[in-house]
Every structure is written in C-alpha cells, then in structure tokens.
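The primary structure of each chain is shown beneath.
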Amino acid sequence: MDDIPLISRISDLYKRMSHAAMRAGRSPEEITLIAVSKTASIERIKEAIDAGQRVFGENRVQEAQGKIAECGMQNAESRIEWHLIGHLQKNKAKYAVRLFDVIHSLDSRELAEELSRQAEKIGKVQDLLIEVKLSHEETKHGVSEEELVPLIETIGDLTSLRVRGLMTMPPYFEDPDHARPYFRRLRELRDKINEMRIANCYLPDLSIGMSNDFEVAIEEGSTMVRVGTAIFGERR
Ligand SMILES: *Cc1c(COP(=O)(O)O)cnc(C)c1O
C-alpha cells in the first residue's frame, strides 16, 4: 500500500464515496472528505494539498499548531480547512478557536462557555459538532443520548458558537456493517432534534465514518467522513 501515490489514494476514495452516495440516492457533493493527518508528517500533508485535498483533521491541538503554521492557513488557490476531531480540554480552548474551522468534540456546557468566550475575544463564530457517545466504552468521550438535548438547550444563548451537527465514533468492528446501527441512531437523534425546532438550532451535519466504514456511514447520512489510514497509511 505504501507505494501507491497519495493522489491515487485520494481519487480512489472520492470514487468510493460517490458510489456509496449514489447507492443511497444522495448527491456526492453533500459529503466532505476530512483527511485525518494526525501523526502524518508535514511533507505528506503538503503532498495531499498538492493533490487537491483541502480539508484536514487533527486530534491534538499542540500537534496541529505546528502543522497549521507550516502548511499555512491559506493556500494560493483556495483555503485549507482544519478540523479538530479529538477530545478538547478546556484549557486549550483558546488555541483551538484560533486554529480550527470546526471542532467536532463539544461535550459539556463548561467547554461551550469557554469556547464562546474565546471566540468572542477574536470576533469569531465557532462552528462545532457535539460528540455523542452511543457505546459504553470507557475510553470514549462525548455526551450520552440523554444529555444531548439538555446540552443543546443550555448552550443556545452562547452567540459566538454555531452548533452544526453531531459526531460519533462507534466501537471498532472488522465488519463495517456492524457500525451501521450506531450511524443510524445518530442520524435519528439529529432528525429528532431538528424536528423539535429549538431556537437557533438547526443541525445539518453528521460526522461519521472512518477508513474502515465510511461507505456504510455515507449510506446512513454522513456529511463528513474522517479518513486517516486509507490516505496516509498505517500510523506508527
Ligand atoms: C484517527 C481518527 C480517525 C481516522 O481513523 P482511520 O481509521 O485512520 O481512518 C477518525 N476520527 C477520529 C476521531 C480519529 O481519532
């Protein structure tokens, strides 16, 4: 796998994404490929940018900081977007709002307040997704189903935040079809919340699907797939 050029892997991914979208009667344009570049070197990220990739995901603020400085927030042809997909500690909120276009891991009112405060300071409205924990693994972050609506209701007054959707990470399965119920459940929760017509709350996005299961996630409504290994190879 390591001798396949990045550009071929990325174009192969876009083909597989399109096929999955068409199988589900969806338009491929509804789905953003986030290239998860955690542990990938700056050279490899630049190679992906040269191949046309514009959206990247990182799971640690500190690691992302150096990469974003090196690879530029801007590119001559079009802007590079950076997404934080990993857990965020409150004391890093200040850096996160300066670095990331979208933060996928909002999981508490306290973190929301701090993000809002920091975003307001730099005159930004921060886009966010709420991470929902649908399995019972201790290692996973996110709010439970029961905590989700109360969280959305209590952060409605934070005007420097814009919650755009939900994110989840199911347990790892060899067979990607076993992740389907988790993806479906997240979509149902999102649809239910949209039907509640909570003030200032409309959630178009679902951040679901990784290298092993992004096609199933797209069939279940994903608008953002987070793919690392299938682009950059196995992480060491
Ligand atoms: C690492 C990571 C991914 C990418 O996983 P791959 O299996 O390498 O595609 C996606 N989402 C999150 C939250 C991650 O930490």
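In this text, all values refer to a predicted model and were calculated from it rather than measured experimentally.

J.: Could you clarify how one ought to interpret the overall build of the protein in this entry?
T.: Each helix and strand in the protein was counted, giving nine helices and eight strands. Over its C-alpha trace the protein gives a radius of gyration of 17 Å, about what one expects of a compact globule, namely 18 Å for 236 residues. Its C-alpha atoms give the protein principal-axis dimensions of about 50 × 40 × 35 Å. Burial status across the protein gives 50% buried among its 236 residues. In the protein, the proportion of contacts linking residues at least 24 apart, taken out of those at least 6 apart, comes to 64%. Carbon and sulfur atoms make up 48% of the accessible area of the protein, which totals about 11700 Å². Side-chain charges of the protein comprise 34 positive and 40 negative groups, with the mean position of each set lying 3 Å from the other.

J.: Please explain the packing of aromatic side chains as it appears in this structure.
T.: By convention here, two paired aromatic rings are described through the distance between centres and the angle between planes. Per the counting criterion, the structure on display carries two aromatic pairs. Taken together, a centroid distance of 6.0 Å and an interplanar angle of 35 degrees make the contact between phenylalanine 173 and tyrosine 182 tilted. Judged by relative accessible area, which is 23%, phenylalanine 173 ranks as partly exposed.

J.: Help me out: how do you make sense of the pattern of salt bridges in this one?
T.: When the charged atoms of two side chains lie near each other, side chains of opposite charge can form a pair. Considering all chains together, one arrives at 22 salt bridges under this definition. Salt-bridge contacts for glutamate 215 lead to arginine 16; the nearest nitrogen and oxygen are separated by 2.9 Å. Of this pair, glutamate 215 sits in helix H8 (residues 214-219) while arginine 16 sits in helix H1 (residues 6-23), and the two are 199 residues apart along the sequence. Between arginine 109 and aspartate 157 there is a salt bridge; the shortest N-O distance is 3.3 Å.

J.: Is there a simple way to think about the nonpolar core in this case?
T.: Soluble globular proteins: nonpolar side chains tend toward being buried together. Membership of the largest hydrophobic core comes to 66 residues, with the highest contact counts inside it found for Phe56, Phe100, Leu115, Ile130, Leu148, Leu166 and Ile231. A per-element tally of this core places H1 first, with six residues. If we ignore the near neighbours within four places in the chain, the residues touching leucine 115 are Leu88, Ala93, Val97, Ile103, Leu106, Leu128 and Leu161. Counting six residues, the second largest nonpolar core, distinct from the first, contains Val55, Val102, Met167 and Met224.

J.: I'm lost on the site of the ligand in this one. Help?
T.: If you check the shell around the ligand, you find Val36, Lys38, Ile85, Met169, Met210, Ser211, Arg226, Val227, Gly228, Thr229 and Arg235 and nothing else. Note that an oxygen atom of the ligand is positioned 2.5 Å from one of the side-chain N or O atoms of threonine 229. The site holding the ligand turns out to be the largest pocket. Its residues placed into classes, the shell around the ligand shows five nonpolar, three polar and three charged.

J.: I'm lost on the packing of helix H2 (residues 42-50) against helix H3 (residues 61-71) in this one. Help?
T.: Each pair of packed helices can be described by the angle between their axes along with the distance between the axes. Remark: H2 packs on H3, axes separated minimally by 10 Å, with the N-to-C direction vectors making an angle of 50 degrees. Of the possible angle classes, the one that applies to H2 and H3 is oblique. The two elements H2 and H3 cross, and the hand of that crossing is right-handed. In contact with Ile42, Ile45, Lys46 and Ile49 of H2, H3 contributes Gly66, Lys67, Glu70 and Cys71. For the contact of H2 with H3, the per-class residue count stands at four nonpolar, one polar and three charged.

J.: Could you clarify how one ought to interpret helix H6 (residues 145-155) in this entry?
T.: One full turn of an α-helix is made of 3.6 residues, so residues set three or four places apart face in the same direction. Looking at H6, one finds that the buried residues are Leu148, Val149, Leu151, Ile152 and Ile155. Mapping the buried residues of H6 onto a view down its axis gives an arc of 160 degrees, with all of them on the same face. Against strand E4 (102-106), helix H5 (109-121), strand E5 (126-131), strand E6 (161-167) and helix H7 (180-196) lie the buried residues of H6.

J.: I keep staring at the side chain of glutamate 220 and nothing clicks. Help me out?
T.: Among the structural elements, glutamate 220 can be located in the loop between H8 and strand E8 (224-227). Apart from the residues lying within four places of it in its own chain, the contact partners of glutamate 220 are Arg180, Phe183, Arg184, Arg187 and Leu206.

J.: Looking at this model, I keep getting lost on the environment of valine 143. Mind explaining?
T.: Mapped onto the secondary structure, valine 143 falls in the loop between E5 and H6. In the structure, valine 143 is positioned 118 residues away from glycine 25 in sequence and 31 Å away in space, judged by C-alpha atoms. Setting aside residues no more than four positions away along its own chain, valine 143 makes contact with Asp107, Ile130, Glu131, Val132, Lys133, Leu148 and Leu151.

J.: When you look at the layout of surface pockets in this model, what are you seeing that I'm missing?
T.: To find the voids left in a structure, one rolls a probe of water-molecule size over its atoms. Size it by volume and the largest pocket reaches roughly 650 Å³. If you trace the largest pocket, you find 29 residues lining it, with Lys38, Met169, Met210, Arg226 and Arg235 closest to the centre.

Here is what the cut-offs are and how they apply
Residues numbered from 1 in each chain as written. Predicted model: local features only at pLDDT ≥ 70, side-chain atom pairs only at ≥ 80, totals over all residues. Heavy atoms only, no water. Helix = DSSP H or I, 4+ residues; strand = E, 2+ residues; numbered from the N terminus. Rg over C-alpha atoms; globule rule 2.2 N^0.38 Å. Buried < 20%, exposed > 50% of the residue type's maximum accessible area, 1.4 Å probe, protein only. Contact = heavy atoms within 4.5 Å. Areas by Shrake-Rupley, 256 points an atom, 1.4 Å probe, with all protein chains shown as cover. Lys, Arg positive; Asp, Glu negative; His and termini not counted. Charge placed at Lys NZ, Arg CZ, Asp CG, Glu CD. Phe/Tyr/Trp six-rings, centres within 6.5 Å; stacked < 30°, edge-to-face > 60°. Salt bridge = Lys/Arg side-chain N within 4 Å of Asp/Glu carboxyl O. Core = buried A, V, L, I, M, F, W, Y, C linked by side-chain atoms within 4.5 Å. Near = heavy atom within 4 Å. Polar contact = N/O pair within 3.5 Å; in protein donor to acceptor, adjacent residues only side chain to side chain. 1 Å grid on protein atoms, 1.4 Å probe; cavity = no way out; pocket = protein on both sides within 12 Å on 5 of 7 lines; lining within 4 Å. Sits in = over half its atoms within 2 Å of the grid points. Nonpolar A, V, L, I, M, F, W, Y, C, P; charged D, E, K, R; others polar. Axes fitted to C-alpha atoms, helices over the stretch in contact; angles between N-to-C directions. Parallel < 35°, antiparallel > 145°, perpendicular 65-115°, else oblique. Left-handed = near helix turned anticlockwise from the far one by under 90°. Arc of directions from axis to C-beta. Points joined across faces, edges and corners; volume = space filled by probe spheres on them.

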